[in-house]
Amino acid sequence: EFTDAGVEACLVALDLETTVATPPCTNDYVHGMWKRHPKRIIQCWGTLDPFKGELAIREAQHAVRDLGFIGFHFHPIMQRFAVNDQRFYPLFETINELKAAVMIDVGTTGMGISLVAMGVLAQRMTDASAAGGWMLVGNFIMFRMVNFKI
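Residues numbered from 1 in each chain as written. Predicted model: local features only at pLDDT ≥ 70, side-chain atom pairs only at ≥ 80, totals over all residues. Heavy atoms only, no water.

## Re unusual backbone geometry
In this structure, Ala-21 is a non-glycine residue whose phi angle is positive, near 65 degrees. Relative to the helices and strands, Ala-21 is located in the loop between helix 2 (17–20) and helix 3 (27–36). Among the residues examined, Ala-21 registers a relative accessible area of 64% and is labelled exposed. (Helix = DSSP H or I, 4+ residues; strand = E, 2+ residues; numbered from the N terminus. Buried < 20%, exposed > 50% of the residue type's maximum accessible area, 1.4 Å probe, protein only.)

Right under this line is the structure:
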């Protein structure tokens, strides 16, 4: 039916394993769907659980380098983290080095998400990186980590 209707999709993965104890919808899983349906699925947003530390960093590298993903979907409310929590800076610095995009899912209300916190994260990136191209699209805030001097 999707083919007949000309529908194209971009899959979005999510990992809530450490906060809700559910199995994640993994990057490899959505990549497999993409490869099985290349005429309908045009790209994928990967997922990373910031609480997984070094494992999340390695998964970011795998998702971009091996799977070809455009970036990563985070849901700070459901994943129960603050985007400006310094414990997660190494992960976001890795994403920055990979030149991958970041999608912050703020839900339908945006409660619990601070644009100031996201600005702090963006300014603390390697080499005084800052977020460029902020967009509010529906209930998503998307930005791309870009390197430029402030």
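## Digging into the confidence of the model for the chain
The predicted model of the chain has a mean per-residue pLDDT of 78, with 72% of residues at 70 or higher. Taken element by element, the chain is modelled with least confidence in strand 5 (residues 130–137), mean pLDDT 39, and with most confidence in helix 4 (residues 54–65), mean pLDDT 97. The low-confidence segment residues 126–150, where pLDDT is below 50, has 77 contacts with residues more than four positions distant or belonging to other chains. (pLDDT = per-residue confidence, 0-100. Contact = heavy atoms within 4.5 Å.)

## Quick notes on the layout of surface pockets
Its volume calculated, the largest pocket comes out at about 180 Å³. Taken together, the elements giving at least two residues each to the lining of the largest pocket come down to helix 3 and helix 4. Here the lining of the largest pocket takes three residues from helix 4, the largest share from any one element. Among the residues forming the lining of the largest pocket, the class breakdown is four nonpolar, three polar and five charged. (1 Å grid on protein atoms, 1.4 Å probe; cavity = no way out; pocket = protein on both sides within 12 Å on 5 of 7 lines; lining within 4 Å. Points joined across faces, edges and corners; volume = space filled by probe spheres on them. Nonpolar A, V, L, I, M, F, W, Y, C, P; charged D, E, K, R; others polar.)

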